Amino acid sequence: MTKRFCVSLTYAKNDTDKATVAFVVANAAVASDKESIVFLSTEGVRLAQKGYADDIHEQGFAPLRELMANFVKAGGKIYVCSPCFKKRGLDENKLVDGAVVVGGAKLVEFLSENAASVSY
Amino acid sequence: MSHFPATPGCAAEVSPREEWDAGTMGCGELVLELREKMLALRPGEYFRLIARDPGAPEDLPAWCRMTGHRLAQANHPQYLIERRKEP
């Protein structure tokens, strides 16, 4: 059984349902002792900015800010697509805890070493 | 602390060290919180969980297989889990 798990997320406030469920599944992965990452790309990178997710709270789920913080607290990492981040003029000094801006090589390395992945 | 009733063919009645009624919490939220509670126990101690989420009967056995905790008894919504030996 693979020990690495990636959740790929391309949505933010343009689909808060998908953004929320992605982090719920990421929490299941990290809770199951998987080395876990959430890869944020295209619109998803906005979630990496401090404060952005504060008002996202889907019915029936914990607030997204809480889901993200719990994921990181349990050892999960958030990879943020560098070109997507730069394109949107976001601030790398205002990243949420656990987030790191990465290029494609970092993602490819993670996925190439027996990782499973799911996309939202 | 309540006792978890023995079921036919299973080990004698055990007294869980801790218990938690998770209500309708499910999926990643449930197992992430459960993880913290299980790791707070000593190896071999038992945890009684009540989980009413409809996914729990499939999720909890899978989670136990992946993490090494032992699902001693499952009678939805009641579950008895033995903490793993490893840290």
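All figures in this text were calculated on a predicted structure; none of them were measured in a lab.

A. Local environment of unusual backbone geometry. Here the bond from His76(B) into Pro77(B) is cis, since omega is 10°, no more than 30 degrees from zero. Structurally, Pro77(B) is set in the loop between strand E3 (70-75) and strand E4 (78-82). One non-glycine residue, Asn114(A), lies in the positive phi region at around 60°. Mapped onto the fold, Asn114(A) is located in the loop between helix H4 (104-112) and strand E5 (115-119).

B. Just the nonpolar core, in detail. Residue and element names in this part refer to chain A. The biggest cluster of nonpolar side chains holds 56 residues, and the ones touching the most others in it are Phe23, Val38, Leu40 and Val80. A per-element tally of this core places helix H1 (residues 16-31) first, with ten residues. Those residues in contact with Val38 that sit more than four places away from it in its chain are Val7, Leu9, Ala22, Phe23, Ala26, Phe71, Gly76 and Ile78.

C. Seen up close, helix H1 (residues 27-39) of chain B. For H1(B), built from 13 residues, the straight-helix expectation of 18 Å at 1.5 Å per residue is met to within 8% by its first-to-last C-alpha distance of 19 Å. For H1(B), the set of buried residues is Gly28(B), Glu29(B), Leu30(B), Val31(B), Leu32(B), Leu34(B), Arg35(B) and Met38(B). Of the surrounding elements, those touching the buried residues of H1(B) are H1 and helix H2 (64-73) of chain A together with strand E2 (46-50), helix H2 (56-67) and E4 of chain B.

D. Quick look at the sheet that holds strand E2 (residues 35-40) of chain A. All names here are of chain A. Taken together, five strands build an open sheet; the order of strands is E4-E3-E2-E1-E5 and the sheet is parallel. Both edges of this open sheet fall to strand E4 (99-102) and E5, since each of them pairs with a single strand only. Averaged over all pairs of adjacent strands, the angle between their axes in this sheet comes to 25°, without regard to strand direction. As paired strands, strand E3 (residues 77-81) and E4 are joined by four bridges and run parallel to one another. Directly across from Ile78, in E4, lies its bridge partner Ala99. Along the sheet, H1 makes contact with strand E1 (4-9), E2 and E5, crossing E1 at roughly 175°.

Conventions adopted
- Residues numbered from 1 in each chain as written.
- Chains lettered and ligands numbered in written order.
- Predicted model: local features only at pLDDT ≥ 70, side-chain atom pairs only at ≥ 80, totals over all residues.
- Helix = DSSP H or I, 4+ residues; strand = E, 2+ residues; numbered from the N terminus.
- Core = buried A, V, L, I, M, F, W, Y, C linked by C-beta atoms within 7 Å.
- Buried ≥ 20, exposed ≤ 12 C-beta atoms within 10 Å, placed from the backbone.
- Contact = placed C-beta atoms within 7 Å.
- Expected span 1.5 Å × (residues − 1).
- Pairing = 2+ DSSP bridges.
- Axes fitted to C-alpha atoms, helices over the stretch in contact; angles between N-to-C directions.

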